[in-house]
Amino acid sequence: MGGLASDLATTPPEAVEAHWEQLGIALRSAADAARWHYVALLCHAGMVESDRLADDAYIQRLAYGHRINDALYLKLHHHPDLPRRPFRLPTRLWNVLGTDGWIDAEAPRALLREIVERAPEAGRANWIEKQLRRQFEAMNNRLKDAALMQMMRHASALNGMQWRRLTKHSQHQAVHVRLHLASGLLTTTIRVRGKIGRVTHGAPLKMARELDEDDRRSIDSHFAVRGIGRHVFDLLCTLHDREAPDAAAHGRLRYFYDLLLAPLFAKPGIAAAIAALGERPTLVIVTHGALAQIPMAALHDGERYLAERFNVVQSPPLYPAEAFGPGDVDGEALLGGQPIPPGSGARGLFDTGLPFAPAEVANLARFYGAQAGEGNWTPEVVRVLTRSRGVAFLSAHVRPSGDGTAATAIQTPDHRYIPFGDVVTEAMAADLLVLAGCVSVGQSDWLADGENSVVSLYRRAGVQAVIASLWPVDDQAASLYTGALMEALAAGKSRAAAHGDAQRVVMGTRLTVTDAYRAQDRLIAQPGGGTPVAPALSFAHPRFWAAFTLSGAWR
């Protein structure tokens, strides 16, 4: 910015237009260096000919460069046989009607002229440089916000159409719910046995009521998304905190139940339609953004957890490998996919350094007659788990990464790390992958700007369904869950029923203390399976069982 500021310091206001080609190129270069892509695009559009703007390759570069609204505008509105028309980008402060605005290709030069006119004589170049940084960054941020909101609305419309089409023609009875949070609007929809209901929340207004006066002064177009994200974060922290009172966790779980599901279940005819499906029907919830991190099975209506009423399937969008994509509805999750063929085999990799890995290895042999993999863990060894049909179990610590899903890694028994990006490099065919490690969902971004997860990584590669965890899981609870899951799957139950049964087994288990326990031999007694001695621990709290989520095919 320094060179441009020096040039502007010696340029009279009336000469900005005359020197625009030189100044515009300098501003575009400075904007590129500062990653102000929208300002750079406006400068570029103000200096190119119409045939260049109509070029398909240029439009593709815009789309791949995360500028979805620019590409749509050019594709829909620009014609090479017309004179060059003003190049405009949408900008808005709220995701509600009546707040549309536009910034066109004239805006950068008009702003340069205004800065030069207002610049004082003393310290002129430094003052201009500060104004350039402040005002053009603000312009770029408004455009970026508008682009993100447009992308969210576009994704919402496309996913909504897919969701309605697929659920309408689904041949399998289930309760289908769709949740979509796009800046200022939270839309929730339900369909069951031909009945459909929809509720739209004005999220900014709802969130604004929870802010104090100082916070309200600093809100922007996405504060509602971040507000929901903060509630989700607080919920996860409370669930994972062993010192937090049960009432705190139930209060947060009830908050999301009342916000997301209670209005849908209260729709006329919905409750009767759900009851007609019988005991514990499958509930498929299509989530979005931070909502994908909510343990839906643990939502509490004041009397029961959702897992006590349904077999819950969570289905985040399958975002493409390129960041900032609109995402697709997971059709396998909506339609149920194909059942696991009877007699399908199972494979497993278990970190034997984990306290309850031996029990998981024993269960694999007991229910499937299979031996766990041994030897040196490599990407190829992990890849073999999901290469062919059947059920795959991977029990190991998972190291999340703020740098994205590809950097999220498996910790091997000898304390090396294998990134999932090095494992998922080919087409896969497993019917179910169980990732029993901590935080194995591995979602990288809650705001949908490059939203991705280890789950969607495997799902896009062809794995029909994935069970993963939302937070660090208790070793004993993980062993109980995987053991019950293996038993139910081996007995021929559907993935949704096996997952739900396993959650309820953990929920109903009590740990008993005996002399053997004091000698570090731990005895797990199922409800009604003996007389407990000095009950020490109940697994009823959601922190033990609700971390596990099923995504994808559920039949």
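Quick note: structure is the one above.
A brief look at the structure comes next. It should be emphasised that the depicted structure is a prediction, and the values quoted were computed from it without experimental measurement.

What counts, and at which threshold
Residues take numbers from 1 onward in each chain, read along the sequence in its written order. At least 70 in pLDDT is required for a residue's local features to be given in this predicted model, at least 80 for side-chain atom pairs to be given and counted, and no such filter applies to totals for whole chains, interfaces and linings, which use all residues. Working from all heavy atoms in the structure, the side-chain values ignore hydrogens and water. By definition, any uninterrupted DSSP run of H or I lasting at least four residues is a helix, any uninterrupted run of E lasting at least two residues is a strand, and each is numbered from the N terminus. Using a 1.4 Å probe on the protein chains alone, a residue whose accessible area is under 20% of its type maximum counts as buried, one over 50% counts as exposed, and one in between counts as partly exposed. Any two of the Phe, Tyr and Trp rings considered here, Trp counted by its six-membered ring, make a pair once their centres fall within 6.5 Å; the pair's planes then place it as stacked at under 30 degrees, edge-to-face at over 60, or tilted in between. Between the first and last residue of a helix there are one fewer steps than residues, each counted as 1.5 Å, and that sum is the expected span. The arc refers to the directions leading from the helix axis to the C-beta atoms. Two residues form a contact once any of their heavy atoms are found within 4.5 Å. When DSSP finds at least two bridges between two strands, those strands are taken to pair. Remark: nonpolar core denotes a set of buried residues (Ala, Val, Leu, Ile, Met, Phe, Trp, Tyr, Cys) joined through side-chain atoms within 4.5 Å.

### As for unusual backbone geometry
So, point 1. Unlike most non-glycine residues, Arg35 shows phi in positive territory, near 65 degrees.
So, point 2. Tracing the backbone through its elements, the reader meets Arg35 in the loop between helix 2 (20-33) and helix 3 (37-45).
So, point 3. Residue Arg35 is classed as exposed on the basis of its relative accessible area of 61%.
So, point 4. In this model, Arg280 sits at a positive phi of 45 degrees, which is unusual for a non-glycine residue.

### Looking at the packing of aromatic side chains
So, point 1. Under the counting rule described, the total for this entry stands at eight aromatic pairs.
So, point 2. Note on Tyr255 and Phe256: the rings are 5.2 Å apart at their centroids and 85 degrees apart in plane angle, and the pair reads as edge-to-face.
So, point 3. Overall, Phe256 belongs to the buried group, its relative accessible area being 1%.
So, point 4. Judged by centre distance (5.2 Å) and plane angle (75 degrees), the ring pair of Tyr305 and Trp545 falls under edge-to-face. One end of the pair, Tyr305, is in the loop between strand 6 (282-286) and strand 7 (311-315); the other, Trp545, is in helix 22 (residues 542-545), and 240 residues separate them in sequence.
So, point 5. By relative accessible area, which is 8% here, Tyr305 ends up buried.

### Quick look at helix 15 (residues 357-368)
So, point 1. The end-to-end C-alpha distance of helix 15, which contains twelve residues, comes to 16 Å, matching closely the 16 Å that a straight helix rising 1.5 Å per residue would cover.
So, point 2. Of the positions making up helix 15, those classed as buried are Ala357, Glu360, Asn363, Leu364, Phe367 and Tyr368. Along the axis of helix 15, the buried residues cluster in a sector spanning 115 degrees; they form a single face. In this structure, helix 15 carries Pro358 and Arg366 as exposed residues pointing more than 90 degrees from its buried face.
So, point 3. For helix 15, the elements touching its buried residues are strand 8 (346-350), strand 9 (391-395) and helix 19 (475-490).
So, point 4. Gly369 sits one or two residues past helix 15 and shows a positive phi near 65 degrees.

### A few points about the sheet that holds strand 12 (residues 417-419)
So, point 1. The three strands are arranged 10-11-12 in an open sheet whose pairing can be described as antiparallel. Across the chains shown, the open sheet's two edge strands, defined by having one partner strand only, are strand 10 (398-399) and strand 12.
So, point 2. As judged from the two bridges shared by strand 10 and strand 11 (residues 409-411), these two strands associate in the antiparallel manner. Opposite Val398, over in strand 11, you have Ile410 as the bridge partner.

### What about the side chain of Thr549?
So, point 1. Locating Thr549 in the fold gives a position in strand 18 (residues 548-552).
So, point 2. Aside from chain neighbours lying at most four places away, what touches Thr549 is Gln314, Val441, Val466, Ile467, Ala468, Leu470 and His499.

### Some thoughts on the nonpolar core
So, point 1. By size, the foremost hydrophobic cluster in this structure holds 119 residues, and its most contacted members are Leu260, Tyr368, Phe393 and Tyr458.
So, point 2. With residues near it in sequence (within four places) discarded, Phe393 still touches Ala346, Arg347, Gly348, Leu349, Phe350, Leu364, Tyr368, Leu385, Val434, Leu485 and Met486.
So, point 3. Leu23, Tyr38, Ile103 and Val116 belong to the second-largest nonpolar core, a separate cluster that totals 28 residues.

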